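The residues making up each chain are set out below.
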Amino acid sequence: MAAAAYEQPVSSDSCREVETNKEFLSVSHSDPGRDEGSCLRADSDMHSPRRFESFILSIAILFLGLNFTYKFVSLTLLYRQSRHELKPNGGVWDVERKPVAFAFDSGLRYDLNASQAWAALVPGDGLVRLGARHEPFMVSMFHQLRCLDVMRDQLTKPRVQRDEQPARHCMNYIRQMILCRGDTHLDPYQYPSNIHPVEPHPVRRCLDWRAVYEAVEENQKEYAAEWARASH
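This section reports on the structure supplied with the text.

Calculation rules
Residues numbered from 1 in each chain as written. Predicted model: local features only at pLDDT ≥ 70, side-chain atom pairs only at ≥ 80, totals over all residues. Heavy atoms only, no water. Helix = DSSP H or I, 4+ residues; strand = E, 2+ residues; numbered from the N terminus. Buried < 20%, exposed > 50% of the residue type's maximum accessible area, 1.4 Å probe, protein only. Areas by Shrake-Rupley, 256 points an atom, 1.4 Å probe, with all protein chains shown as cover. Axes fitted to C-alpha atoms, helices over the stretch in contact; angles between N-to-C directions. Parallel < 35°, antiparallel > 145°, perpendicular 65-115°, else oblique. Left-handed = near helix turned anticlockwise from the far one by under 90°. Contact = heavy atoms within 4.5 Å. Phe/Tyr/Trp six-rings, centres within 6.5 Å; stacked < 30°, edge-to-face > 60°. Lys NZ or Arg CZ within 6 Å of the ring centre and 35° of its normal. Expected span 1.5 Å × (residues − 1). Core = buried A, V, L, I, M, F, W, Y, C linked by side-chain atoms within 4.5 Å.

## Quick word on the overall build of the protein
Logical step 1: Each helix and strand in the protein was counted, giving 8 helices and 4 strands.
Logical step 2: Along the chain direction, N to C, the helices and strands of the protein fall in the order α-α-α-α-β-α-β-β-α-α-β-α.
Logical step 3: The buried share of the protein, taken over its 232 residues, is 19%.
Logical step 4: When the accessible surface of the protein is split by element, carbon and sulfur atoms take 58% of a total near 18400 Å².

## Section: the packing of helix α6 (residues 140-155) against helix α7 (residues 164-181)
Logical step 1: Put simply, α6 and α7 touch, their axes get as near as 9 Å, and they point 140° apart. When the axes of α6 and α7 are compared, the pair comes out oblique. Crossing of α6 against α7: the hand is left-handed. On the side of α6, the interface is formed by S140, H143, Q144, C147, L148, V150, M151 and Q154, while α7 contributes P166, A167, H169, C170, M171, Y173, I174, M177 and R181.

## Describing the packing of aromatic side chains
Logical step 1: All told, the structure shown has 5 aromatic pairs when counted by the stated rule.
Logical step 2: Taking 4.9 Å as the distance between ring centres and 75° as the angle between the ring planes, the aromatic pair formed by F142 and Y213 counts as edge-to-face. Of this pair, F142 sits in helix α6 while Y213 sits in helix α8 (residues 210-231); the two residues are 71 residues apart in sequence, bridging distant segments of the chain. Here F142 matches Y213 in class, with each residue buried.
Logical step 3: Residue placement shows R129 over the ring face of Y223; its charged tip is 4.5 Å from the ring centre.
Logical step 4: Over the face of the ring belonging to W209 we find R210, whose NZ or CZ atom lies 5.8 Å from the ring centre.

## What about α6?
Logical step 1: Here α6 is 16 residues long and its end C-alpha atoms lie 23 Å apart, about the 22 Å a rise of 1.5 Å per residue gives.
Logical step 2: Of all the positions in α6, only F142, L145, C147, D149, M151, R152 and Q154 are classed as buried.
Logical step 3: Where α6 is buried, its residues meet α5 (115-119), β3 (135-138), α7 and α8.

## Considerations on the nonpolar core
Grouped burial of nonpolar side chains is what soluble globular proteins tend to show.
Logical step 1: Ranked by internal contacts, the top residues of the largest apolar core, which has 13 residues, are V139, F142, L145 and V216.
Logical step 2: Listed by contribution, the elements that provide at least two residues to this core are α5, β2 (127-130), α6 and α8.
Logical step 3: For this core, the leading source of residues is α8, giving 3 residues.
Logical step 4: Grouped together as the second largest cluster of nonpolar side chains are 6 residues, C147, M151, C170 and M177 included.

Interpretation note: all reported values are geometric properties and have no functional meaning in isolation.
Printed below as a string of structure tokens:
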């Protein structure tokens, strides 16, 4: 029975037992080197999966490190490029605008259902291409007008059909532009008891917005002509 027991595969516990009982094994077993070899093979079999897992983990950590480094360098270069090359004049398009008088109206043309009138406020796609690479930008004035049109369009739809994401973006953008400009013109106060509004058509001193339209339309024509030449 003892001889049969030693014929079984040797586990790690058996290895420790063999190491502590070498004298007994040398007497009771005809081939003591066989058990020691089995112990070595058992230890090797136990450590091989661990070594493989450690190797895979090291490769994964190295890959993640290289990926992070690549993204960090790419974003840094893109940020520097966007600051120094893409945005001319610090992000402000230099368009000469002379002061003009702007008489406010009642805005009857621009009610909630006047989709064509609102769409016509933005020339083309509203974009200009600037710089050597013809990078696209949207002039803030047209961004604001388009945002007003987006909110108008959402108000004309049933609540279940509305898309809140673009309207939320536009509301926040308009809010920030109002704060950024910080217009300090004084508007007449309308008391609730008055039937007729006070000064319904005030006149403001503004910068000529028509110059912005002309500059955008000219830029769009030049880009379209250059794109047509490059495509032929």
